[in-house]
Amino acid sequence: MTTTITLYRNNTGWLAQYTGDGAHKIQELFGTDTLPTSFTAQAKPAEVLAEVQALNPEIKVELA
């Protein structure tokens, strides 16, 4: 199993939910499997996806 980051938007911004192998590390460090990104809710989905993929080339990144 690999790590996946699923990106989704709420009222205030974009969130990254981790699943798979790496999710337990995020859970241990932050007490959750979902972290806020630096993108506001106005950011375009394609831009968010491209930036997060560029920062995490070894992880599968997808939009919800």
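Residues numbered from 1 in each chain as written. Predicted model: local features only at pLDDT ≥ 70, side-chain atom pairs only at ≥ 80, totals over all residues. Heavy atoms only, no water.

Draft legend 1. Quick look at the pairing of strand β2 (residues 13-19). Of all 7 residues making up β2, 5 are buried, and the element is well covered by its neighbours. As judged from the 6 bridges shared by strand β1 (residues 4-9) and β2, these two strands associate in the antiparallel manner. Across the sheet, residue I5 finds its bridge partner in β2, namely Y18. Here β1 folds back onto β2, and the loop between the two strands holds 3 residues. Sheet topology note: the β2/strand β3 (residues 34-40) ladder contains 4 bridges and is antiparallel. In the strand pairing of β3, L15 is matched with P36. (Buried < 20%, exposed > 50% of the residue type's maximum accessible area, 1.4 Å probe, protein only. Helix = DSSP H or I, 4+ residues; strand = E, 2+ residues; numbered from the N terminus. Pairing = 2+ DSSP bridges.)

Draft legend 2. Geometry of the nonpolar core. Ranked by size, the top nonpolar core spans 13 residues in total, and within it I5, L7, Y18, V48 and V52 carry the most contacts. Where this core is concerned, the elements lending two or more residues are β1, β2, α1 (23-30) and α2 (45-55). In terms of residue count, the dominant contributor to this core is β2 (3 residues). The residues contacting Y18, other than those within four sequence positions of it, are T3, T4, I5, A23, I26, D33 and L35. (Core = buried A, V, L, I, M, F, W, Y, C linked by side-chain atoms within 4.5 Å. Contact = heavy atoms within 4.5 Å.)

From the geometry alone we can't say anything about function, so treat these as descriptive.
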